[in-house]
Amino acid sequence: MNKLKYKDFGVDIDEGNNFVQDLKPIVKETFNSMVLGGLGGFSGCFRMPNNYKNPILCAATDGVGSKLSLAIEYDGLEEIGIDLVAMCVNDLICDFAKPMFFLDYYATHKLINAEAIKVIKGIANGCRQAQCALIGGETAEMPSVYAKGDFDLAGFAIGIAEEEDIKKRLDIKDGDIILGLPSSGFHSNGFSLIRGIITSKKIDILRDLHGQRIIDLILKPTKIYVDDFLKCKDKIKALAHITGGGIKENFIRILPDNMQAIIDEKSIQIPEIFKLFLPHIDKEEAWRVFNMGIGMAIVVSGEHAQSIMQDIQAYIIGHIETGDKRVILK
């Protein structure tokens, strides 16, 4: 009688082991002195920093949504890992947490070493940009769950903050300035709508737009704002990561109950790639789904606005007024 093997049903343990060996030098490039051990243990281990008065651990998890489908179809695998890291660490800094380490989950129909390495290289690149260590992950072959050629990603990030910093947003006052930090494009939100427009309106995404292919502009990785945050941390009162829901639904999350945000819609510099899609949807839908060119919005006092704009790429997009808790686009 023939004995059955795991490999008969699409799971190759040897290929998985080879993959881990290939990963080790890539992952090691993200390590710092706080990492204990190496890749291949049962968990990733990280020393707690000791220069905090009242340390708070903050955690974030996310994926890259249906942007992944376009990345698979148009060979954008080398940068999709940056998106994965960005979506997590950009949330962490909104609670004034410096990212410490990151873990990933890669689930696929069948592990193809060369393709998976491209993705992990992107994750490692994102971790270096975010100044955090990639200390572990999980790879799963599940041919009964995923179609041939498909895979999915999830990321998990842990950061550390001072407890008093988390409360800074309570000090938002009438007259404070709202600065917008430009996005690198669509980032990782709204891609079901983007893909729907491409299909229904028959947009040729392989043609050039100002010297770059449209698909490359669409797949441009989410900007990581950790470096900007660390440069200006002591001058910032609050940060809002502008993802799904747009400026209105994300910025309101950082407002005290008695403050409202007035956003000058005309001040916002909308990237050209957005303008290719905007004619096909209502204005209200666009501002709710897309970041519209603002990847992160921060609140600062008037005295710090100019110095911050000299230190990082940012510009004034609005201000704070006393009133009911809401975000108004004018």
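You'll find the structure just up there.
Residues numbered from 1 in each chain as written. Predicted model: local features only at pLDDT ≥ 70, side-chain atom pairs only at ≥ 80, totals over all residues. Heavy atoms only, no water.

### Describing the packing of helix α1 (residues 13-28) against helix α4 (residues 113-129)
The contact between α1 and α4 brings their axes to 10 Å, and the two run at 30 degrees. In this structure, α1 meets α4 at a crossing whose hand is right-handed. Taken together, the residues of α4 that come into contact with α1 (itself represented by Glu-15, Asn-18, Phe-19, Asp-22, Leu-23 and Ile-26) are Asn-113, Ala-116, Ile-117, Ile-120, Lys-121 and Ala-124. Looking at side-chain class alone, the contact of α1 with α4 contains seven nonpolar, two polar and three charged residues. (Axes fitted to C-alpha atoms, helices over the stretch in contact; angles between N-to-C directions. Helix = DSSP H or I, 4+ residues; strand = E, 2+ residues; numbered from the N terminus. Left-handed = near helix turned anticlockwise from the far one by under 90°. Contact = heavy atoms within 4.5 Å. Nonpolar A, V, L, I, M, F, W, Y, C, P; charged D, E, K, R; others polar.)

### A closer look at the pattern of salt bridges
Inspection of every chain in the model, using the stated rule, returns 16 salt bridges. With a shortest N-O distance of 3.6 Å, Asp-171 and Lys-173 are connected by a salt bridge. The class for Asp-171 is partly exposed, based on a relative accessible area of 36%. The salt bridge involving Asp-216 is made with Arg-213; its shortest N-O contact spans 3.1 Å. The network of salt bridges with shared partners includes Asp-171, Lys-173, Asp-176 and Lys-237. (Salt bridge = Lys/Arg side-chain N within 4 Å of Asp/Glu carboxyl O. Buried < 20%, exposed > 50% of the residue type's maximum accessible area, 1.4 Å probe, protein only.)

### Structural notes on the pairing of strand β12 (residues 294-300)
Judged by how many residues are buried, β12 sits mostly within the fold: seven of seven residues are covered. The pairing of strand β7 (residues 177-182) with β12 spans six bridges and is antiparallel. Bridging across to β12, Ile-178 finds its partner in Val-299. Judged from the five bridges that link them, strand β10 (residues 236-241) and β12 form a sheet pairing that is antiparallel. Counterpart to Ala-238 in the pairing with β12 is Val-299. (Pairing = 2+ DSSP bridges.)

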